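For reference, the chains in residue letters:
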Amino acid sequence: MMDETVEVISVPVTPRTGQWTPEVVSVPVTPRTAPRTPPTSAPPSLLHSPTLSRSPLLTSAPKTPRTPKFITPLASPMRKAVVTMRGYLEEVGHLTKLDPQDAWLPITESRNGNSFYSAFHTLSAGIGAQALLLPLAFTFLGWAWGIFSLSVAFVWQLYTLWILTQLHENSVDGTRHSRYLHLAQAAFGEKQGSWLAKFPTMYLSAGTSTTLIIIGGSSMKQFYQIICGQTCARSQPLTTIEWYLVFFCLALVLSQLPNLNSIAGVSLIGAVTAVGYCTLIWAVSVIKGRPPGVSYDPVKSKSDVARVFDMLNALGIVAFAFRGHNLTLEIQATMPSTLKHPSHIPMWKGVKFAYLLIASCLYPIAIGGYWAYGNLIPPTGILTALNIYHLQDTSKAILGLTSLLVVLNCLSTFQIYAMPVYDSMEAGYTSRKNRPCPWWLRAGFRVFFGAVAYLSAIAFPFLSGLAGLVGGIALPVTFAYPCFMWILLKKPMKNGAMWYINWGLGCLGMALSLLIVAGGVWSVVDSGLKVRFFKPE
């Protein structure tokens, strides 16, 4: 019988364009009734002959592949097309749901971050001037409880950081939670999530920015006084408010960088300077030795109740030393994510490296600072103690360099903490106008926020003395909410290990938050904090 041909339409796919191009191909079909060709035999001596091995004489009958009955002639090219497209998407694309407005907002405008950017941002956001208050917490907790609470808080917050990096992407529907507020809304509901997370996250961003103006401006004034000495005292130096203004103007220039990825270099400077001044402060304090009158006995309180509240306030200082969780999802949002290369892998690499350096700074600052000064630590921290007790026997170059590094770190950290506020302000515009924010309006938003932070620094110059109270307010964002989010989104097996761990840590975090806030309020009232509105010193 003569062979028959059937015209089959194949549908090849161009992976990059996704266009379907029909093509007609003639495929010969052998009828089922065609006789099979019997296999050819040969003498044993010729079976391995090179000539015969290449001859068609030894070819046996072709094996017809078994095809399921439900497969049609169109199925094979269609299946190849699907496999090709899926392989392409797995390699260079992503199957995640992205909000179209994300391309217009400063946090998600650029998604070319990597593990190095993650380490820079995390280190810049995670360590700062709040670490200089850790020796003050030890004066109330003592050696044993101080080291124990610092170690527990470090492991606890590292675990919640891991939770946040895992929850950034939803493997079921492909949603990326690019902001802490969005993840809270997905877990707790839109209204409850906004109520629980919006105030503490915005408070952390705006409050930290205000505190950075206070610390940065004061450090600039101190640097100027160290370098000039008595010469500056005879002239008319700038007032504290004017130094705040100088710092604000410098921060305003850096704030014009468009998005979070564009400030990676700034965060690198902030990370290097933070590690630098932390190392300088504790090393100089230990090398210079202890001043006379140092004692390690816990600070005596007026009553047992006051003692308990003082310890709670100290725990708030320890909790406040671990900041930056409100920025973790935002940092991870700057990274590309594919099925083969999800964003949580480079993010977690950067976080591990960053917190290795953070631990190498926090523990020496806390232990070395408490050893060097004991109960002589002033309420403003170890940097003030260094300038009080070692101003005469330490070179001006070391003291000036320390103050300069603090200024540079505050300028760098201001940018990353202000970014969520910029993002929220621009999101209000893009959601209403459905178009990107023009450059002049973006610049106006940033100038406006900087001016508000500057005025707040002038009006409330005592904010840096409320570390314990701020730590209690921000504690759920770092220690409690991520545990509850894991239970609500991942739904671990009830009565399982992860179920008990997260419920226990979440409830403990909320209880500690209430107690630490109460302790912070008591400490402010009991110690008589000098409330100087519009009178910075």
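The preceding data block contains the structure.
It should be emphasised that the depicted structure is a prediction, and the values quoted were computed from it without experimental measurement. (Residues numbered from 1 in each chain as written. Predicted model: local features only at pLDDT ≥ 70, side-chain atom pairs only at ≥ 80, totals over all residues. Heavy atoms only, no water.)

A.B. asks: An account of the overall build of the protein is requested, with residue identities and associated values reported.
C.D. replies: A tally of helices and strands in the protein yields 17 helices and 2 strands. Among the 537 residues that make up the protein, the fraction classed as buried is 46%. Sequence separation of 24 or more characterises 81% of the internal contacts of the protein that already satisfy a separation of 6 or more. Here the protein displays about 27,400 Å² of accessible surface, and carbon together with sulfur accounts for 67% of that area. (Helix = DSSP H or I, 4+ residues; strand = E, 2+ residues; numbered from the N terminus. Buried < 20%, exposed > 50% of the residue type's maximum accessible area, 1.4 Å probe, protein only. Contact = heavy atoms within 4.5 Å. Areas by Shrake-Rupley, 256 points an atom, 1.4 Å probe, with all protein chains shown as cover.)

A.B. asks: Explain unusual backbone geometry to me, using residue names and the numbers behind them.
C.D. replies: Positive phi values are uncommon outside glycine, yet asparagine 434 reaches one of about 55°. If you trace the backbone, asparagine 434 turns up in the loop between α14 (396-433) and α15 (439-459). We classify asparagine 434 as exposed; its relative accessible area is 56%. Although it is not a glycine, asparagine 495 sits at a positive phi angle of roughly 65°. When you line up the elements, asparagine 495 lands in the loop between α16 (467-490) and α17 (497-527). Taking relative accessible area as the criterion, asparagine 495 reaches 48% and is therefore assigned partly exposed.

A.B. asks: Quick rundown of the pattern of salt bridges? Include the residues and the values.
C.D. replies: According to the stated counting rule, one finds 7 salt bridges in the structure shown. The shortest N-O distance in the salt bridge between arginine 176 and glutamate 169 comes to 4.0 Å. Residue classification places arginine 176 among the buried residues on the basis of a relative accessible area of 8%. Looking at glutamate 169, the relative accessible area reads 15%, which means it is buried. In this structure, a network of salt bridges that share partners links the residues Asp102, Arg111, Arg179 and Asp423. (Salt bridge = Lys/Arg side-chain N within 4 Å of Asp/Glu carboxyl O.)

A.B. asks: Could you give an account of a nonpolar patch on the surface, naming the residues involved and the relevant values?
C.D. replies: A surface patch of nonpolar side chains, amounting to about 300 Å² of accessible area, comprises Ile269, Leu401, Leu404 and Leu408. No other element matches α14, which puts 3 residues into the nonpolar patch. Inspection of the secondary structure assignment puts leucine 408 in helix α14. For leucine 408, a relative accessible area of 33% gives the class partly exposed. (Patch = residues over 30% accessible without salt bridge, like charges linked within 9 Å, V, L, I, M, F, W, Y side chains within 5 Å.)

A.B. asks: Quick one: what's the story with the packing of aromatic side chains, residue by residue and with numbers?
C.D. replies: Taken as a whole and judged by the stated rule, the model has 21 aromatic pairs. Considering the side-chain rings of tryptophan 156 and phenylalanine 479, the 5.0 Å spacing of their centres and the 70° angle between planes classify their relative orientation as edge-to-face. A residue pair is termed long-range when its members are at least 10 positions apart, and tryptophan 156 in helix α4 (residues 134-167) and phenylalanine 479 in helix α16 qualify at 323 residues. Neither tryptophan 156 nor phenylalanine 479 differs from the other in exposure class; each is buried. Through successive ring pairs, a cluster of aromatic residues spans Phe138, Trp143, Tyr296 and Tyr370. (Phe/Tyr/Trp six-rings, centres within 6.5 Å; stacked < 30°, edge-to-face > 60°.)

A.B. asks: Please set out the packing of helix α5 (residues 180-188) against helix α6 (residues 190-228) residue by residue, giving values where relevant.
C.D. replies: A packed helix pair is summarised by two numbers, namely the angle formed by the two axes and the spacing between the axes. Two numbers describe how α5 lies on α6: the axes approach to 7 Å, and their chain directions differ by 150°. As judged from the angle between their axes, α5 and α6 are roughly antiparallel. The element α5 and its partner α6 pack so that their crossing is right-handed. Contacts between α5 and α6 involve Tyr180, Leu181, Ala184, Gln185 and Phe188 from the former and Glu190, Gln192, Gly193, Ser194, Leu196, Ala197, Lys198 and Thr201 from the latter. Looking at the contact of α5 with α6 residue by residue, the classes come out as 6 nonpolar, 5 polar and 2 charged. (Axes fitted to C-alpha atoms, helices over the stretch in contact; angles between N-to-C directions. Parallel < 35°, antiparallel > 145°, perpendicular 65-115°, else oblique. Left-handed = near helix turned anticlockwise from the far one by under 90°. Nonpolar A, V, L, I, M, F, W, Y, C, P; charged D, E, K, R; others polar.)

A.B. asks: Please provide a residue-by-residue account of helix α12 (residues 344-373), values included.
C.D. replies: Its 30 residues place the ends of α12 42 Å apart at the C-alpha level, agreeing with the 44 Å of an ideal helix rising 1.5 Å per residue. Count one or two residues on from α12 and you reach glycine 374, which has phi positive near 55°. (Expected span 1.5 Å × (residues − 1).)

A.B. asks: Please set out the environment of alanine 511 residue by residue, giving values where relevant.
C.D. replies: With respect to the secondary-structure elements, alanine 511 resides in helix α17. Owing to a relative accessible area of 38%, alanine 511 belongs among the partly exposed residues under this scheme. Each C-alpha atom, one on alanine 511 and one on alanine 480, is 9.4 Å from the other, the two residues being 31 residues apart in sequence.

A.B. asks: Describe the side chain of asparagine 326, and please don't skip the residues or the numbers.
C.D. replies: Checked against the element boundaries, asparagine 326 lands in the loop between α10 (304-321) and α11 (328-332). Since its relative accessible area comes to 3%, asparagine 326 is described here as buried.

Any link to function would need more than the numbers given here.
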